[in-house]
Amino acid sequence: MPQEKKQTNKVTLTTSDGKAVEAFAPVIVSASRATDIPAFYADWFFKRLEEGYSVWKNPFNGVSSYVAYQNTRFIVFWSKNPFPLLQHLDELERRNIGCYIQYTLNDYEAEGLEKNVPPLPFRIDTFKKMVDRLGKGRVIWRFDPMLLTDNITIESLLEKVERIGDQLVGYTEKLVFSFADILSYRKVKANLDKSHISYQDWTEPQMLEFAERLAALNEKWGYTLATCGEKIDLKQLGIVKNRCVDDELIIRIAYEDKALMDFLKVTIHPMPVADLFDNAAPLSPDAIILPNGTYATHGDNRDKGQRQFCGCIKSKDIGEYNTCPHLCEYCYANSSKEAAVRNWKKHEKNIFGETI
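In this report, the structure presented in the accompanying data block is examined. Quick caveat, the model's predicted, so the values are computed rather than measured.

This brings us to unusual backbone geometry. Here Ala31 and Ser32 are connected by a cis peptide whose omega angle stands at -5°. Mapped onto the fold, Ser32 is located in the loop between β4 (28-31) and α1 (37-40). Between Asp144 and the following residue, Pro145, the backbone shows a cis peptide bond with an omega angle of 0°. Looking at the element boundaries, Pro145 is found in strand β9 (residues 139-146). A positive phi angle is found at Asn96, which is not glycine, with a value near 60°.

On to the pairing of strand β7 (residues 74-79). Across the six residues that make up β7, a large majority, six, are buried. Burial of the side chains of β7 extends over both faces: Phe74, Val76 and Trp78 are buried on one face and Ile75, Phe77 and Ser79 on the other. Across six bridges, β7 lies against strand β8 (residues 98-104) in parallel orientation. Opposite Ser79, over in β8, you have Tyr103 as the bridge partner. Handedness of the β-α-β unit built from β7, helix α3 (residues 89-94) and β8 comes out right-handed.

All right, on to the sheet that holds strand β13 (residues 224-227) then. Strand order in the open sheet made by the eight strands is β14-β13-β11-β9-β8-β7-β4-β18, with parallel pairing throughout. Each end of this open sheet is capped by a strand with a single partner; those strands are β14 (239-241) and β18 (316-317). Relative to β9, β8 runs parallel, the two sharing four bridges. Among the inter-strand pairings, Ile101 is bridged to a residue of β9, identified as Val139. Its contacts with the sheet put helix α8 (residues 247-254) on β4, β7, β8 and β9, and the angle it makes with β8 is roughly 135°.

The rules we used
- Residues numbered from 1 in each chain as written.
- Predicted model: local features only at pLDDT ≥ 70, side-chain atom pairs only at ≥ 80, totals over all residues.
- Heavy atoms only, no water.
- Helix = DSSP H or I, 4+ residues; strand = E, 2+ residues; numbered from the N terminus.
- Buried < 20%, exposed > 50% of the residue type's maximum accessible area, 1.4 Å probe, protein only.
- Pairing = 2+ DSSP bridges.
- Right-handed = clockwise from strand over helix to strand, strands pointing away.
- Contact = heavy atoms within 4.5 Å.
- Axes fitted to C-alpha atoms, helices over the stretch in contact; angles between N-to-C directions.

Coordinates in, geometry out; function isn't part of it.
Okay, here's the thing in structure tokens:
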């Protein structure tokens, strides 16, 4: 067994070839913002989970490091096609590892902006299958990004959202979205320019118009509407700022996991008892009501290494850029389609290797 080092987030492990190395040992894993692990690398990931570690390359300096899974208690999956995960969920349960899925379910089929994702009906059916398997609230609908082009207007974008939203009633509690910020992301701009796609950057008046109309649409759904990483404040419309790696959702799902709750700095309290006049002490504003007659409060878990307006908590992302064969035209994680395809072909030659 790997020996714990003094650092609480590092361990020493022995690799498959017998080498002793230092490794990150995350409690919460993000799989992944950088590539679609469920769609293309699910078998690889679960083999690495069995082996106890994988290797991750830092996208900024190219340095490789080891990630050990011995302390992992929760995984947040990100995907446009999580169908391959279905066959592996029993393994997570056997290991007592919780999860939920950030499921990006867009409709850019007519425009050909997501050429390699499965057809929309299949993706909607997969969403429902995942909910049936994991439970409502553990599959989060993302329509992300909201993209404007010469062919996609606010009106047509809302129509796309409505068609999907109507079909997910009873299967999701939330819709997470962001406005495509093309000019701030060099790779996104380059990819769109290379494909000769005439895009528009959102103005604040356009964002407000879209949000107002989306909130009106939501009157028939009752979803929680949330923005991802956006500066604009839309709380006057009932739209909140999302935490995609979300400690409150993790607490609601896995409050019985003491090690995970300790990591999240959670305190469990008994619900206050009413007095003779049926009055009870008020709960704190951040109280999370649990189903066992208790409620939870927690410390500040925000990951300050993320973007300025990102609300995510601390986790370790294990994906790598330039590895996603979805080849979406607006992708921020692929510098080029050619690089992504080239790396995918490398993976196919060694599908259970230490790295993606």
